Amino acid sequence: MKKFMYKRIDLILLGIILLSAFLNIYNIWKNDYANAYYTAAVKSMLENFHNFFYASFDPAGFVTVDKPPLTFWIQTLSAAIFGLHGWSVMLPQALAGVGSVVLLYFLLKPTFGITGARIASLTMAITPIVPAISRSNNIDSMLVFTLLIGVWMLFRGVRKNKAIWVIGAFAMIGLGFNMKMMQAFMVAPAFYLFYITAAKVKWKKKIGILASATAVMMALSLSWAVVVDSISAGDRPYMGSSQTNSVLELAFGYNGVARLTGQGQSTPGGGGADKGNGNEMQAPPNGMEQGEAPEGMPSGAPPNGQGGPNQANGANTTNSDDSASNDSSNTDSSSTQDNTNSETQTSEDNGQRDFLSKGDQGGPGGQNGGGMFNTGTPGFFRLFQIGLADQISWVLPFALFGCVGLLSGIRLRKQWSDEEKESLFWLAWLGPVGVFFSIAGFFHQYYLIMLAPPIAAFVGAGWVKLFKLYQTEKGFKSMLLPIAILATTAFEVFTLKSYIDQIGMVWSIGVGGAGTLLSLALFFFKQKEKRATYFVSLAALLAILVIPAFWASTPIIYGDGNSVMPAAGPTTMGNGNMKMGEGQNSINENLVSYLKKHSDGETYLFATSNASSAAPYIIEGETVMAMGGFSGSDPILTTEKLEEMVKNNEVKYFLIGGGGPGGSSDLQTWIKEHGEEVPQEEWNGTSSNSDSDSDSNSGMPGRGGQSETLYKVEL
């Protein structure tokens, strides 16, 4: 029995799983709140079923987070079991990342063999953006895992000729929609194409099954949205980051078309552009003028505090999963907010913005490849630009050569093999998603995990196919393998050139030398010793996997630099910059003590303009209102509604200022006109003129020299 079990267990796969688990999980317990915007929501969802169902950001159910609730339901269950910690809300995503590695192995093994499956799963595990995003409580790792479950069901349904599995596969896309909305639909073309080309049933039945699968997918996709939108607005929270309090608008606007066009919706992830004007997408990420250093940083430092090319994730803004919110809907807000631009609204003060991200000034991240969030310039070669290439594209050249090899024998009039059908599936995933990231106006680096499965599949299956062509063919096809190794090596060395100041020349020399020598050996010794060439070609593949493996380990080596916008990459050591977000996960105990002492049983301890100010207090158990949702730009309240809430004893105190993002000028004007300013020495222990004493504000969101003001409004 033991011998049988030993043969059934693939020890190499087990090692890859352990590697993936290490990369995804090790040291996540050091990240206190993770993405605090979402952690605050989990804290609120633990309070009652009402908050749980809607994914309410705050305990009173005032406003939701900017995504549907399915992933947060899972995170809340994890927090209910293990307690609310940063690691407990990150654990589901970390395990999902490991699960994706395992699924890819079992997806490739039946058709491409155990070697191709092992290579694919290893490539998936060490693709840098995979562990980087899996080490956070952002949604994307869980989304990819869900979609890969759908792929497994689709392949099984076609092989077994069982319609129920095919319908289940499309249902998984529907579940993915309830994680991150339109992003889940990016793989739907591949699902349709594969079933049409691979299913061995008559066309009439094939159309019927696809129609049923589509109906199930759409029903699941829209189920929560339709239910929520059908409920009276007074009986549910406001839909965060929407402009019309509608889930459907959120799904197809801000979380849909706006991603492609880059047109801002004045919401987290809207890109910071004013409506109808995408030009602001290229604005400096911290709401500063070009070349301006954030307060508290050395003059002349890049906006994120990174020396040289290693700018941490391109921007140190906080935007829920998107960390990039710029308040642009309230175009008159600049008239009432100090040092604030209503279109870029991310604050010159780094306090509120960077509280959520805990961005490390010397933390991981790629070189600024242009654009606002280190996502390069749209174009055909965008995925090969610094900032994206180092997150996802290290072995993309090899994957493309593998795709060529796998599809080199396909003919329209010839019966396609299983290899060719599955290769077309992965191409139908890689192609549209790759095109989207090449032209999209707005996304973040960690969205690139959507490309990891097809790239890994083409590396694994491609190596098997290219080696076979190398052994059996003559001419150009036989040379695809060494050419792929050489081209990938050259691309990696070219990319590493931008990081010489951070990691030195050793990596470039080592990887470049090994890849070049091994590829040349394959060129010139093809017929000398066939068994030896197998190990040489395998060694060549491993050589080009060294750099992505190192990059994938950087969140562990250097620490997770930004839980809101995770990315992998080496750090600039010893640059003397302050650590962004350090100490800003704490709350102002003096403020809490004062408000509790002077409260009269109000629903909210206090109200503030945006989620970044409210989140730490919510996590610590206080009921705080974010009047404008995440960025402060959600049109949730009117002055009439706010007046009614004050009269109904729902809220009395308002914390305004600090240079944080967002906030309606009408609301702030009303608060100032009807309220009484509370002297800072009463609730913060400092005078109102102590702006220069940043240490005194170290416990306050919005610290860093721009003071906040507390108002009491009684009617």
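All residue numbers refer to position in the chain's written sequence, counted from 1. Two thresholds apply to this predicted model, a pLDDT of at least 70 for residue-level local features and 80 or more for giving and counting side-chain atom pairs, whereas whole-chain, interface and lining totals are computed over all residues. For the side-chain quantities, the full set of heavy atoms in the structure was used; hydrogens and water were omitted.

(A) Structural detail: helix 8 (residues 140–160). Helix length check: helix 8 (21 residues) gives 30 Å between terminal C-alpha atoms against 30 Å at 1.5 Å per residue, within 8%. To sort residues, take the accessible area from a 1.4 Å probe on protein chains only and compare it with the maximum for the residue type: under 20% means buried, over 50% means exposed, and anything in between is partly exposed. A run of H or I in DSSP becomes a helix once it reaches four residues, and a run of E becomes a strand once it reaches two; helices and strands are each numbered from the N terminus. The buried fraction of helix 8 amounts to 15 of the 21 residues, a majority that puts the element mostly inside the structure. Trailing helix 8 by a residue or two, Asn-161 shows a phi angle of about 55 degrees, which is positive. What a helix is expected to span follows from its residue count: subtract one and scale by 1.5 Å.

(B) Quick peek at the packing of aromatic side chains. Two aromatic rings, drawn from Phe, Tyr or Trp (for Trp, its six-membered ring), form a pair once their centres lie within 6.5 Å of each other, and the interplanar angle then sorts them: stacked below 30 degrees, edge-to-face above 60, tilted otherwise. Overall, the coordinates contain 45 aromatic pairs when judged by the stated rule. With centroids separated by 4.7 Å and ring planes inclined at 40 degrees, the aromatic side chains of Phe-155 and Phe-194 adopt a geometry described as tilted. Note that Phe-155 is positioned in helix 8 and Phe-194 in helix 10 (residues 188–198), a separation of 39 residues in sequence. Both residues of the pair, Phe-155 and Phe-194, count as buried. Considering the side-chain rings of Phe-467 and Tyr-470, the 6.3 Å spacing of their centres and the 25 degrees angle between planes classify their relative orientation as stacked. Remark: Tyr-470 and Phe-467 occur in helix 17 (residues 452–472); sequence separation between them is three residues, near one turn of the helix.

(C) Spatial organisation of the sheet that holds strand 4 (residues 675–678). Criterion used throughout: strands pair if DSSP finds at least two bridges between them. Across the sheet, which stays open at both edges, the five strands sit in the order 2-1-3-5-4 with mixed pairing between neighbours. Edge positions in the open sheet fall to strand 2 (624–626) and strand 4, since each of these has one partner strand only. For this sheet, the mean angle separating the axes of adjacent strands, direction not counted, is 30 degrees. Pairs of residues are marked as contacts when any of their non-hydrogen atoms sit within 4.5 Å. Interaxial angle, 0 to 180 degrees, is taken between N-to-C directions of lines fitted to C-alpha atoms, where a helix line uses only the stretch in contact. Docked against the sheet, helix 23 (residues 611–619) engages strand 1 (606–608), strand 2 and strand 5 (708–713), running at close to 155 degrees with respect to strand 2.

(D) Region of interest: the packing of helix 6 (residues 86–126) against helix 8. Where helix 6 contacts helix 8, the two axes come as close as 8 Å, and the packing angle between them is 35 degrees. Classified by chirality, the crossing of helix 8 by helix 6 is left-handed. Between helix 6, through Pro-92, Gln-93, Ala-96, Gly-97, Gly-99, Ser-100, Leu-103, Leu-107, Pro-110, Thr-111 and Met-124, and helix 8, the contact on the second element is made entirely by Ser-141, Met-142, Val-144, Phe-145, Leu-148, Ile-149, Val-151, Trp-152, Phe-155 and Arg-159. Ten residue types, Ala, Val, Leu, Ile, Met, Phe, Trp, Tyr, Cys and Pro, are classed as nonpolar, four, Asp, Glu, Lys and Arg, as charged, and the remainder, Gly among them, as polar. A per-class count over the contact of helix 6 with helix 8 returns 14 nonpolar, six polar and one charged. The crossing is said to be left-handed when, going from far helix to near helix, the turn is anticlockwise and less than a right angle, and right-handed when the turn is clockwise.

(E) Looking closely at the environment of Glu-714. Along the chain, the position of Glu-714 falls in the segment after strand 5. Through-space distance from the C-alpha of Glu-714 to that of Lys-647 is 7.5 Å; in sequence the pair is 67 residues apart. Excluding its chain neighbours within four sequence positions, the residues that come into contact with Glu-714 are Asp-600, Val-646 and Lys-652.

(F) Inspection of the pattern of salt bridges at higher detail. When a carboxyl oxygen of Asp or Glu lies within 4 Å of a side-chain nitrogen of Lys or Arg, that pair is called a salt bridge. Tallied over the entire structure, the rule returns 11 salt bridges. Here Asp-10 makes a salt bridge to Arg-118, at a shortest N to O gap of 3.0 Å. Note that Asp-10 is positioned in the loop between helix 1 (2–8) and helix 2 (11–25) and Arg-118 in helix 6, a separation of 108 residues in sequence. Looking at Arg-118, the relative accessible area reads 23%, which means it is partly exposed. The shortest N-O distance in the salt bridge between Lys-67 and Asp-66 comes to 3.3 Å.

(G) Up close: the side chain of Ser-136. Its place among the elements puts Ser-136 in the loop between helix 7 (129–134) and helix 8. Pairs of N or O atoms within 3.5 Å make up the polar contacts considered here, provided that, within protein, one atom can donate a hydrogen while the other can accept it, and that residues adjacent in sequence are counted only when both atoms are side-chain atoms. A polar contact is formed between the side chain of Ser-136 and the backbone oxygen of Ile-133, at a distance of 2.9 Å. Excluding residues within four positions of it along the chain, Ser-136 makes contact with Met-90, Gln-93, Ser-563 and Pro-566.

(H) Layout of helix 20 (residues 506–524). The terminal C-alpha atoms of helix 20, which comprises 19 residues, lie 27 Å apart, in line with the 27 Å expected from a rise of 1.5 Å per residue. For helix 20, every residue scored as buried is listed here: Ser-508, Val-511, Gly-512, Gly-515, Ser-519 and Leu-522. All buried residues of helix 20 lie within an arc of 105 degrees about the axis, which places them on one face of the element. Residues of helix 20 that are exposed and point over 90 degrees away from its buried face: Val-506, Ile-509, Leu-517 and Phe-524. In this description, one arc is meant: the one made by directions from the helix axis to the C-beta atoms.

(I) Quick look at the nonpolar core. The biggest cluster of nonpolar side chains holds 127 residues, and the ones touching the most others in it are Leu-108, Ile-173, Phe-398, Phe-425, Trp-426, Trp-429 and Phe-437. By residue number, the principal contributor to this core is helix 6, which donates 13 residues. If we ignore the near neighbours within four places in the chain, the residues touching Trp-429 are Leu-147, Leu-148, Val-151, Val-187, Ala-190, Met-450, Pro-453 and Pro-454. By nonpolar core is meant a set of buried Ala, Val, Leu, Ile, Met, Phe, Trp, Tyr and Cys residues that side-chain atoms within 4.5 Å join together. Phe-62, Ala-611, Leu-667 and Val-713 belong to the second-largest nonpolar core, a separate cluster that totals 58 residues.

(J) Main features of the packing of helix 18 (residues 480–496) against helix 21 (residues 530–558). Relative orientation of the contacting elements helix 18 and helix 21 amounts to 25 degrees, with a least axis distance of 10 Å. Compared by their axis directions, helix 18 and helix 21 come out roughly parallel. Crossing of helix 18 against helix 21: the hand is left-handed. For the pair formed by helix 18 and helix 21, the contact residues are Leu-481, Ile-485, Thr-488, Thr-489, Glu-492 and Leu-496 on the first element and Ser-537, Ala-540, Leu-541, Ile-544, Ile-547, Pro-548 and Trp-551 on the second. Here the contact of helix 18 with helix 21 is composed, by residue class, of nine nonpolar, three polar and one charged. The labels follow the angle: roughly parallel below 35 degrees, roughly antiparallel above 145, roughly perpendicular from 65 to 115, and oblique for the rest.

(K) Structural detail: the side chain of Ser-478. Inspection of the secondary structure puts Ser-478 in the loop between helix 17 and helix 18. Classification of Ser-478 as buried rests on a relative accessible area of 3%. Only 2.6 Å separates the side chain of Ser-478 from the backbone oxygen of Gly-475, close enough to count as a polar contact. Not counting the four nearest positions on each side in its chain, Ser-478 is found in contact with Leu-469, Tyr-470, Glu-473 and Lys-526.

(L) Local environment of the pairing of strand 3 (residues 653–657). Extensive coverage of strand 3 is indicated by the burial of four of its five residues. Pairing of strand 1 with strand 3, which is carried by two bridges, proceeds in the parallel orientation. Among the inter-strand pairings, Ala-607 is bridged to a residue of strand 3, identified as Phe-654. For strand 3 and strand 5, the ladder comprises five bridges, and the chain directions are antiparallel. Within the sheet, the bridge partner assigned to Leu-655 lies in strand 5 and is Leu-710.

(M) Structural context of a nonpolar patch on the surface. Like charges within 9 Å and nonpolar side chains (Val, Leu, Ile, Met, Phe, Trp, Tyr) within 5 Å are joined into patches, using only residues over 30% in relative accessible area that form no salt bridge. Only the protein chains shown count as cover for residues, and all accessible areas are computed by the Shrake-Rupley method using a 1.4 Å probe. A cluster of nonpolar residues, Ile-9, Leu-11, Leu-14 and Leu-18, forms a patch on the protein surface that exposes about 360 Å² of accessible area. Within the element layout of this structure, Ile-9 appears in the loop between helix 1 and helix 2.

(N) Here's a closer look at empty space enclosed by the protein. Every definition here rests on a 1 Å grid over the protein atoms only: cavities are sets of points where a 1.4 Å probe fits but cannot get out, pockets are open sets enclosed by protein on both sides within 12 Å along at least five of seven lines, and lining residues have some atom within 4 Å of a point. Grid points are joined across faces, edges and corners, and a volume is the space filled by probe spheres set on the points. Going through the model one piece at a time under the given rule, you end up with three cavities of 30 Å³ or more. Each pocket or cavity is described by its volume, and for the second largest cavity that value is around 40 Å³. For the lining of the second largest cavity, the elements supplying multiple residues, two or more each, are helix 6 and helix 21. Partitioned by chemical class, the residues of the lining of the second largest cavity number seven nonpolar, two polar and no charged.

Function cannot be inferred from these measures alone, as they are strictly geometric.
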